[in-house]
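Secondary and tertiary structure notes
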Amino acid sequence: MKKLVLLLMCAGLLAACSSSSYSVQVSDADSVLVSDSTLKVTKQGFYEYLLDSYGANEVLVEALTKIADIELTDEDELNELVEEIKEEYASYTDDDLSVYASYMGYDDVDEYVDQIIVPSAKQELLRKHYITDNLDAMVEEYSVCSFKKIVVEKESEALNIISEATDEEAFDALMEEYSDDAEDAGMVTKNSTLDDNLVEIIDELSAVEQDGVYSSAIKLSDDTYAVLYLYDTDHSNTDDIIDTLSSDSDVQEYIEGIYLKKYNFDVYDSKIKAAIEEISDQYLD
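Sequence order as written defines the numbering, with residues in each chain counted from 1. Reporting in this predicted model follows two pLDDT cut-offs: at least 70 for local features of residues, and 80 or more for side-chain atom pairs to be given and counted; totals over whole chains, interfaces and linings ignore these cut-offs and use all residues. In computing side-chain properties, one takes all heavy atoms of the structure into account and sets aside hydrogens as well as water.

1. Regarding the packing of aromatic side chains
Put simply, two rings from Phe, Tyr or Trp (the six-membered ring, in Trp's case) pair if the centres are within 6.5 Å, and we call them stacked under 30 degrees between planes, edge-to-face over 60, tilted for the rest. Under the definition given, this model contains nine aromatic pairs. Here the aromatic rings of Tyr130 and Tyr259 are separated by 6.1 Å at their centres, their planes lie at 75°, and the arrangement is edge-to-face. Residue Tyr130 is located in helix α6 (residues 109–133), and its partner Tyr259 is located in helix α13 (residues 249–262); the two are separated by 129 residues in the primary sequence. The same class applies to Tyr130 and to Tyr259, which are both buried. Ring centres of Phe171 and Tyr229 lie 5.5 Å apart, and the angle between their planes is 35°; on these two criteria the pair is classed as tilted. In this pair, Phe171 is assigned in helix α9 (residues 168–177) and Tyr229 in strand β7 (residues 225–231), connecting sequence segments 58 residues apart. For the pair formed by Phe171 and Tyr229, the shared burial category is buried. Directly above the aromatic system of Tyr231 lies the positively charged group of Lys148, at a separation of 5.7 Å from the ring centroid. Any Lys NZ or Arg CZ found within 6 Å of a ring centre and within 35 degrees of that ring's normal is scored as a charge over the ring. The ring of Tyr142 carries Lys190 above its face, with NZ or CZ at 5.2 Å from the centroid. Numbering of helices and strands starts at the N terminus; helices are DSSP runs of H or I of at least 4 residues and strands are runs of E of at least 2. Burial classes follow relative accessibility: with a 1.4 Å probe on protein chains only, a residue under 20% of its type's maximum area counts as buried, one over 50% as exposed, and anything between as partly exposed.

Right, dumping it as structure tokens:
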């Protein structure tokens, strides 16, 4: 995006840019960056192309990063997360982050870390701090629960499993017996990809306070029956809960909206403001 070659590659799109699309004007707006017999790209035209393509997201990232700078005070915590993200991204290219940074279009690792990884880490910590401070409410709101599942064809068979699953060890043995139709779903929320009939009762599942087999066979949308074993019902596995909620896109949007409104976030260019409102109705009052 910073290189002239990318400007040339986008020439067809840039030709359609209008210098009057935005109220924001750059200095020397009419100066020509690229010109030939069929195309003229001005500095303002290129700027507005970038705004059209990335403007709303970049404004949000910048605002949330500034908010994180105020809210987050533990530099060691941030540095630790940055290193974790660097290791994760490096693993995509044989543990060489410079290769990944180059692939993403950055000149060097430091530029990529400063412009992408650090802001991402700050936003992740911002979400996790909010979830930590409001854990019980977030667990209830998003119906966090963990379960193992066995699916069978007949309700009578499901009821037999319920009667035999006297404890977790017995349920695990039954999972081995029904191995093709059994799984540990792990921790889920109301936004997880689940059968519609499970989603309908997930509030009830989340409210269960004792580990064990769910008392009823659950008819699924394909007319099979599920038997669930609920575990971690005390919600004491807070790290996993925080990670699960933090990675949920609906939770991210909700928390970002909370912080943006807390700091009276607003946008005065009407086109960018409309683009942000299209991303989410929770970001602006």
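Picking up where we left off.
2. Observations concerning a negative patch on the surface
For patch building, the residue pool is restricted to those with more than 30% relative accessible area and no salt bridge; the joining distance is 9 Å between like charges and 5 Å between nonpolar side chains (Val, Leu, Ile, Met, Phe, Trp, Tyr). All accessible-area figures derive from a Shrake-Rupley calculation using a 1.4 Å probe, and residue coverage is judged against the displayed protein chains alone. A side-chain nitrogen of Lys or Arg and a carboxyl oxygen of Asp or Glu constitute a salt bridge if their distance falls within 4 Å. Asp and Glu count as negative and Lys and Arg as positive, but His and the ends of the chain are not part of the count. One atom stands in for each charge, and that atom is NZ of Lys, CZ of Arg, CG of Asp or CD of Glu. Residues Asp74, Glu75, Asp76, Glu80, Glu84, Glu87, Asp94, Asp95 and Asp96 make up a contiguous surface patch of negative charge. According to the relative accessible area criterion, Glu75 is exposed, its value standing at 51%.

3. Comments concerning the pairing of strand β3 (residues 145–152)
Among the eight residues that make up β3, eight are buried, leaving the element largely enclosed by the rest of the structure. Of the two faces of β3, the one lined by Cys145, Phe147, Lys149 and Val151 and the one lined by Ser146, Lys148, Ile150 and Val152 are each fully buried. Pairing between strands requires that DSSP locate at least two bridges from one strand to the other. As paired elements, β3 and strand β4 (residues 182–188) share six bridges and run antiparallel to each other. In the sheet register, Ile150 faces β4, and the bridge partner there is Ala182. The pairing of β3 with β7 spans seven bridges and is antiparallel. If you follow Lys148 over to β7, its bridge partner there is Tyr229.

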